[in-house]
Amino acid sequence: MRQFPFPGTVLTVLLIALWPVLSHAQCNLQCIQGPVNIPLDPSCQAVVQAAPLLGPGNTCLGPFTVQVFDANGIPIPGSVLNSSHLYDTLVAIVTFVGVPIQTCTTSVRPIDVIPPLIAVTCPDLSIDCNGGTSAAVLAGPAFVDNCGPLTITTSDVILSGTCPVTPPQINRTFIATD
């Protein structure tokens, strides 16, 4: 009969080999209470990952899968969120793909965290006292945004002056909101 040099070697090797299975068998999967804000990237997309959805009581180490569902309960392919989901509250199911399989549910909310940018600035203009001064008449700056439509508002501050002797100066502020 052959003896091993160290009797506990076989048992130690088995425990090391089986540790991932044994340790996962007793884990606790926990999602945090949503909605969890999911920032969209510069291309206006985000793949929902498990990590930001897991709560402090989670003891499972993974692997995980995440499936996000739209407001009608339809799965979103690849859990890839985009501008069509902006600011909607969506259901996310996290699955621990271990022994035993466990799931938890939370909600996610895709958000646009990248502000609009000024693409073209407007020059200082001098106009006739009888000319139109509204933002609709005068050219303003051009704005661009990564995730869709913008709302442009203006605010005017009219400094002293009276036509035709001293034309007033108008300081106009443009605000782009996405």
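See above for the structure.
Description of the structure in this document. (Residues numbered from 1 in each chain as written. Predicted model: local features only at pLDDT ≥ 70, side-chain atom pairs only at ≥ 80, totals over all residues. Heavy atoms only, no water.)

### A look at unusual backbone geometry
Keep this limit in mind: In this text, helices come from DSSP runs of H or I with a minimum length of four residues, and strands from runs of E with a minimum of two, each type numbered from the N-terminal end. For each residue, the accessible area found with a 1.4 Å probe, counting protein chains only, is set against the maximum for its type, and the residue is called buried under 20%, exposed over 50%, and partly exposed in between.
Backbone torsion omega between Gly62 and Pro63 reads 10 degrees, so that peptide bond is classified as cis. Relative to the elements of secondary structure, Pro63 occurs in the loop between β2 (45-47) and β3 (64-69). Positive phi outside glycine occurs at Tyr87, with the angle close to 65 degrees. Turning to its location among the elements, Tyr87 is positioned in the loop between β4 (80-82) and β5 (90-96). Classification of Tyr87 as partly exposed rests on a relative accessible area of 38%.

### With respect to the side chain of Ser107
What counts here: Residue contacts are counted whenever heavy atoms from the two residues lie within 4.5 Å of one another.
For Ser107, the location among the structural elements is in strand β6 (residues 102-112). Looking at Ser107, the relative accessible area reads 15%, which means it is buried. Once residues lying within four places of it in the same chain are set aside, the contact partners of Ser107 are Gly34, Pro35, Val36, Thr89, Leu90, Val91 and Ala92.

### Remarks on the nonpolar core
Worth spelling out the cut-off: Throughout, nonpolar core names a set of buried Ala, Val, Leu, Ile, Met, Phe, Trp, Tyr and Cys residues whose side chains join them through atoms within 4.5 Å.
One finds Leu53, Val68, Leu81, Val94 and Val108 to be the most contacted residues of the largest nonpolar core, which totals 25 residues. Breaking this core down by element, the ones donating at least two residues are β1 (36-40), β3, β5 and β6. Per-element tally for this core: the top contributor is β5, with 4 residues. Dropping the residues within four chain positions of it, Val108 is found in contact with Pro35, Val36, Ile38, Val48, Leu53, Val68, Leu81, Asp88, Thr89, Leu90 and Ala92.

### Notes on the state of the cysteines
Selection criterion: The definition used for a disulfide is geometric: two cysteine sulfur atoms within 2.5 Å.
Using the criterion set out here, one finds 3 disulfides in the structure. For Cys31, the disulfide goes to Cys104, at an S-S distance of 1.9 Å. Judged by the sign of its S-S torsion, about 65 degrees, the bond between Cys31 and Cys104 is right-handed. With Cys31 in the loop between α1 (9-24) and β1 and Cys104 in strand β6, this pair connects stretches of sequence that are 73 residues apart. Here Cys31 and Cys104 have matching classes, each one buried. Cys44 shares a disulfide with Cys147; S-S distance 2.0 Å. Handedness of the Cys44-Cys147 disulfide follows from its S-S torsion of about 125 degrees: it is right-handed.

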